[in-house]
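Chain and residue survey
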Amino acid sequence: MPGTELFGDEERKEVMDVLNTTCLFRYNHEELRQGMWKARELEAEVARYTGAKYAHAVSSGSAAVACTLAAAGIGHGDEVIVPPFTFMATIEAVLYAGALPVFAEIDETLCLSAEGIRQAATEKTKAVLLVHMCGAAADMEGIQEVCVEKNLVLIEDAGQALGAFYKGKSVGLFGACGAFSFDFFKITTAGEGGLFITNDEATYKKADTFSDHGHSHVGDNRGMEPHPYLGFNYRISELNAAVGLAQMRKIKLLVAGKRKNKAIIKDKLQGIDGVTFRHLPDAEGDSGTFLNFFLPTTELAQQAVAKLADAGVGGINYWYTNMYHFINQWDHVKKLSSAAPLAIHHLGAPQDYQHLELPKSQAVVGRLLSLGIRATWTDTEAGQIGEAIANVLREVLG
Ligand SMILES: *Cc1c(COP(=O)(O)O)cnc(C)c1O
């Protein structure tokens, strides 16, 4: 993060291609498009990069998560295990599917732990919506094992993790279906956009159909084909897809730059007594978008954040107090405030969200500092940032 780090003529060219055809719609109108199919090209690019058999672009990452849930058959009254540390879209997607979120513990991977899932799973649990937080994969071996053991469908919200791999396999390919986001803050952006991937043809067809009002997209004439299911409008426009396409062509550069700069900064923090790092189940597959580290206590983490701000070190997030990503900040979830009634209002929540105790997650997030890494920093700049952070941490921990 953030998107648009490498942005310029390539994106402009792709967008102008679309504007020049006057065809902004991803389906039909072959006579206008002069051979331009930007959404399809974006899908091919992501499929190539991730190794997925099927990729389908949609209007947002949130839409992509909704499509993965629909394709996995998650609906009314189904209990779905989710993490308490994620972007809100994960929880909303479950609620708007008519399903019921069950919060389980994360660990120092910053993702749901196999143990957390095992403890939260009941007879009623149907699926796990796993979130790969902050650009790196969860503990996939442990999690796949518990999903088999408990007969749970695994779905991946990889909204923050395009570019992350686990033992050579892209996130999003470990379960039934996986979702990515191209919103403004993600490693590559489309302005707004998202995409799902899967290796399973039937799942792909369901999700594809769901993303466009139930059109099956069989044959070349959308509108004349059968409509096997209901769906909704989650289509991406050709304009957004064009930006996403140009961005996707840069992802290897972005990942390489971020990994390089992350290593430089991490090196400066190594050996400071009291600093420990996020556990990465596969460090080789890290996309490098964030450096996450822990201080010994919440109090020390808070002190460090204040001092880092005084020292003018930008870009450090203290997730627990300042950000929108932990359940403590989610009064609207805890109270289930919604503009219109949700299934959960009628069925009842599977947990008492207002008084939920998640001590392990609390201990992890309360001590967590997180630095967004840019690919475009020079080695010198990254070194200076690392040095400045190290100085503050030594002072706080000394
Ligand atoms: C960003 C994000 C989303 C939603 O993506 P949008 O494109 O903003 O709708 C979903 N899940 C996670 C984990 C995210 O970080």
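Look a little higher up for the structure.
Residues numbered from 1 in each chain as written. Predicted model: local features only at pLDDT ≥ 70, side-chain atom pairs only at ≥ 80, totals over all residues. Heavy atoms only, no water.

Here the focus is the pattern of salt bridges. Two side chains with opposite charge may pair up if their charged atoms get near one another. Within the structure shown, the criterion is met by 28 salt bridges. Residue D17 pairs with K13 through a salt bridge whose shortest N-O separation is 2.8 Å. A residue pair is termed a helical-turn pair when its members lie 3 or 4 positions apart in one helix, as D17 and K13 do in helix α1 (residues 9–21) at four residues. A network of salt bridges, in which partner residues are shared, links K13, E14, D17, K38, E41, E45, R48 and R249. (Salt bridge = Lys/Arg side-chain N within 4 Å of Asp/Glu carboxyl O. Helix = DSSP H or I, 4+ residues; strand = E, 2+ residues; numbered from the N terminus.)

Here we come to the site of the ligand. Within the structure, the ligand sits among 15 residues, and G61, S62, S181, D183 and K186 are positioned closest to it. Here an oxygen atom of the ligand sits 3.0 Å away from a polar atom, N or O, in the side chain of Q160. At 3.2 Å, a side-chain N or O of K186 approaches an oxygen atom of the ligand. Within the complex, the protein chains bury 94% of what would otherwise be the 380 Å² of accessible surface of the ligand. (Near = heavy atom within 4 Å. Polar contact = N/O pair within 3.5 Å; in protein donor to acceptor, adjacent residues only side chain to side chain. Areas by Shrake-Rupley, 256 points an atom, 1.4 Å probe, with all protein chains shown as cover.)

With that out of the way, let us pick up the state of the cysteines. This model, assessed by the stated rule, comprises zero disulfides. Here C177 is not cross-linked by a disulfide; its sulfur's nearest cysteine counterpart is in C67, at 8.1 Å. (Disulfide = S-S within 2.5 Å.)

Let us now look at a nonpolar patch on the surface. Together, M16, L19 and L24 make up an exposed nonpolar region whose accessible area comes to about 250 Å². Position of L24 relative to the elements: it lies in the loop between α1 and α2 (30–33). (Patch = residues over 30% accessible without salt bridge, like charges linked within 9 Å, V, L, I, M, F, W, Y side chains within 5 Å.)

Next up on the list: the sheet that holds strand β13 (residues 368–372). Taking strand neighbours across the sheet as the criterion, the four strands line up as β10-β11-β13-β12 in an open arrangement whose pairing is antiparallel. This sheet does not close on itself; its edge strands, each paired only once, are β10 (276–277) and β12 (316–318). Sheet topology places strand β11 (residues 290–294) next to β13; five bridges connect them, and they run antiparallel. Bridging from a neighbouring strand, F294 pairs with L368 of β13. Packing against the sheet, helix α10 (residues 251–269) makes contact with β10, β11 and β13, and its axis sits at approximately 20 degrees to β11. On the sheet, helix α15 (residues 359–366) packs against β11, β12 and β13 and is oriented at approximately 50 degrees with respect to β13. (Pairing = 2+ DSSP bridges. Contact = heavy atoms within 4.5 Å. Axes fitted to C-alpha atoms, helices over the stretch in contact; angles between N-to-C directions.)

With that settled, the discussion passes to the packing of aromatic side chains. Summed over the entire model, instances satisfying the criterion amount to nine aromatic pairs. When the centroid spacing of 4.7 Å and the interplanar angle of 15 degrees are considered together, the rings of Y54 and Y204 count as stacked. Pair noted here: Y54 is in strand β1 (residues 54–58) and Y204 is in helix α8 (residues 201–210), with a separation of 150 residues, a long-range link. Through a chain of ring-to-ring contacts, the aromatic side chains of F103, W330 and Y353 assemble into a single cluster. Taking the ring centre of W37 as reference, the NZ or CZ of R33 above it sits at 3.9 Å. Residue placement shows K169 over the ring face of F174; its charged tip is 4.7 Å from the ring centre. (Phe/Tyr/Trp six-rings, centres within 6.5 Å; stacked < 30°, edge-to-face > 60°. Lys NZ or Arg CZ within 6 Å of the ring centre and 35° of its normal.)

Turning our attention to the sheet that holds β1. Spatially, the seven strands line up as an open sheet ordered β1-β9-β8-β5-β4-β2-β3, and their pairing is mixed. In this open sheet, the two strands that pair with only one neighbour each are β1 and β3 (100–103). Strand-to-strand twist across the sheet, computed as the mean angle between neighbouring axes with direction ignored, equals 25 degrees. Looking at chain direction, strand β4 (residues 125–131) and strand β5 (residues 153–157) are connected through five bridges and run parallel. By the bridge assignment for β5, V128 is matched with L154. Helix α5 (residues 89–96) rests against β2 (79–82), β3, β4 and β5 of the sheet, and its axis sits at about 140 degrees to β3.

None of the figures reported here should be taken as evidence of function without further support.
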